[in-house]
Amino acid sequence: MVFRSKSDPFFIRFILAAIFIIAAVSFIPLLFDDAPLSAFVIVTATFLVTTALILWITFAIRYVFQERHLLVKAGPFRSRIPYQSILKVAPTRDIFTGYRLLSSRDALEIINNTTMFGTVKISPEKQDVFIAELKKRCPELKIDEKILERR
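No experiment lies behind these values; they were computed from the predicted model shown.

(A) Here's a closer look at helix α1 (residues 9–32). Look at α1: 34 Å from first C-alpha to last across 24 residues, which is about the 34 Å you get at 1.5 Å a residue. Of all the residues in α1, the buried ones are Phe11, Ile15, Ile19, Ala23 and Leu30. Those residues of α1 that are buried are in contact with α2 (37–59).

In structure tokens, the structure reads:
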């Protein structure tokens, strides 16, 4: 079963602002110096590759339930979280810290004992269906009371 990441307008504006800042920092210096064409080509290529990577990571986020683990992937980044290592799921709006593969402030934090920081923050589109599927695969899973109140 595959879940896509939910995207909210705040996150999309944040990513677009970041790309705009990268563009400004990349191209404005070329306007004030008599930069050769090769500098313009190199800066443009670097900007395009950087932007493509940011967009790939941001909008190609998937959460895949596999036989023995939850596969969380965003662009080239992947994490396999074995179901037996998942301890708890809780809501979070903190999208700027920790290990996160998400594109919405309406997120879930999966507490486990295998990822680097012990948690991974995700934002599946259909959270209720996602949590139900996770509970099926992790019978010992603790679900935060705030999630139960939202249902």
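(B) Representation of the pattern of salt bridges in the model. Throughout the structure, instances matching the rule amount to six salt bridges. Lys88 is the salt-bridge partner of Asp144, the closest N and O atoms lying 3.7 Å from each other. Of the two residues, Asp144 sits in the loop between β9 (142–143) and α4 (145–150) while Lys88 sits in strand β5 (residues 86–92), which places them 56 residues apart along the sequence. For Asp144, a relative accessible area of 16% translates into the label buried. With a relative accessible area of 31%, Lys88 lands in the partly exposed category. Across the pair Arg137 and Glu133 runs a salt bridge whose closest N-O atoms are separated by 2.7 Å. Of this pair, Arg137 and Glu133 both sit in helix α3 (residues 127–137), four residues apart, which is roughly one turn of that helix. By relative accessible area, Arg137 is classed as partly exposed at 28%.

(C) Representation of the nonpolar core within the structure. Counting residues in hydrophobic clusters, the biggest one holds 31 residues, and the most contacted among them are Tyr63, Ile86, Ile110, Ile122, Phe130 and Leu134. When contributions to this core are tallied by element, the ones reaching two or more residues are α1, β2 (61–65), β3 (69–74), β5, β7 (107–112), β8 (119–122) and α3. With four residues, the single largest contributor to this core is α1. In this view, Ile110 contacts Leu70, Ile86, Lys88, Val89, Gly118, Thr119, Val120, Ile122, Phe130 and Leu134; residues no more than four positions away in its chain are not counted.

(D) Inspection of the side chain of Ser79 at higher detail. With respect to the helices, strands and loops of the structure, Ser79 is situated in strand β4 (residues 77–82). At 2.3 Å, the side chain of Ser79 forms a polar contact with the side chain of Tyr99. When near neighbours in sequence (up to four residues on either side) are disregarded, Ser79 contacts Leu70, Leu71, Val72 and Tyr99.

(E) Just a nonpolar patch on the surface, in detail. Taken together, the side chains of Ile12, Leu16, Leu55 and Phe59 make up a nonpolar region of the molecular surface, amounting to roughly 320 Å² of accessible area. Contributions of two or more residues to the nonpolar patch are made by α1 and α2. One can find Leu55 in helix α2.

(F) Spatial organisation of the packing of α1 against α2. It is the contact of α1 with α2, at a shortest axis distance of 10 Å, that shows an interaxial angle of 170 degrees. By the angle between their directions, the pair α1 and α2 is classed as roughly antiparallel. From α1, Phe11, Ile12, Ile15, Ile19, Ile22, Ala23, Ser26, Phe27 and Leu30 reach across to α2, where they touch Ala39, Phe40, Val43, Thr44, Phe47, Thr50, Thr51, Ile54, Leu55, Thr58 and Phe59. Grouping the constituent residues of the contact of α1 with α2 by class yields 15 nonpolar, five polar and no charged.

(G) Here's a closer look at the sheet that holds strand β1 (residues 2–4). The sheet built from four strands is open, its strands ordered β1-β2-β3-β4 with antiparallel pairing. What marks the edges here is a single partner per strand, and that holds for β1 and β4. Taken pair by pair, the neighbouring strands of this sheet meet at an average axis angle of 15 degrees, ignoring direction. Taken together, the six bridges between β3 and β4 define a ladder with antiparallel strand orientation. When the sheet's bridge partners are listed, Val72 is paired in β4 with Ser79. The strands touched by α2 within the sheet are β1, β2, β3 and β4, with β2 carrying the most contacts at an inclination of about 40 degrees. Here α3 sits on the sheet in contact with β1, β2 and β3, set at roughly 35 degrees to β2.

Thresholds, definitions, all that
Residues numbered from 1 in each chain as written. Predicted model: local features only at pLDDT ≥ 70, side-chain atom pairs only at ≥ 80, totals over all residues. Heavy atoms only, no water. Helix = DSSP H or I, 4+ residues; strand = E, 2+ residues; numbered from the N terminus. Expected span 1.5 Å × (residues − 1). Buried < 20%, exposed > 50% of the residue type's maximum accessible area, 1.4 Å probe, protein only. Contact = heavy atoms within 4.5 Å. Salt bridge = Lys/Arg side-chain N within 4 Å of Asp/Glu carboxyl O. Core = buried A, V, L, I, M, F, W, Y, C linked by side-chain atoms within 4.5 Å. Polar contact = N/O pair within 3.5 Å; in protein donor to acceptor, adjacent residues only side chain to side chain. Patch = residues over 30% accessible without salt bridge, like charges linked within 9 Å, V, L, I, M, F, W, Y side chains within 5 Å. Areas by Shrake-Rupley, 256 points an atom, 1.4 Å probe, with all protein chains shown as cover. Axes fitted to C-alpha atoms, helices over the stretch in contact; angles between N-to-C directions. Parallel < 35°, antiparallel > 145°, perpendicular 65-115°, else oblique. Nonpolar A, V, L, I, M, F, W, Y, C, P; charged D, E, K, R; others polar. Pairing = 2+ DSSP bridges.

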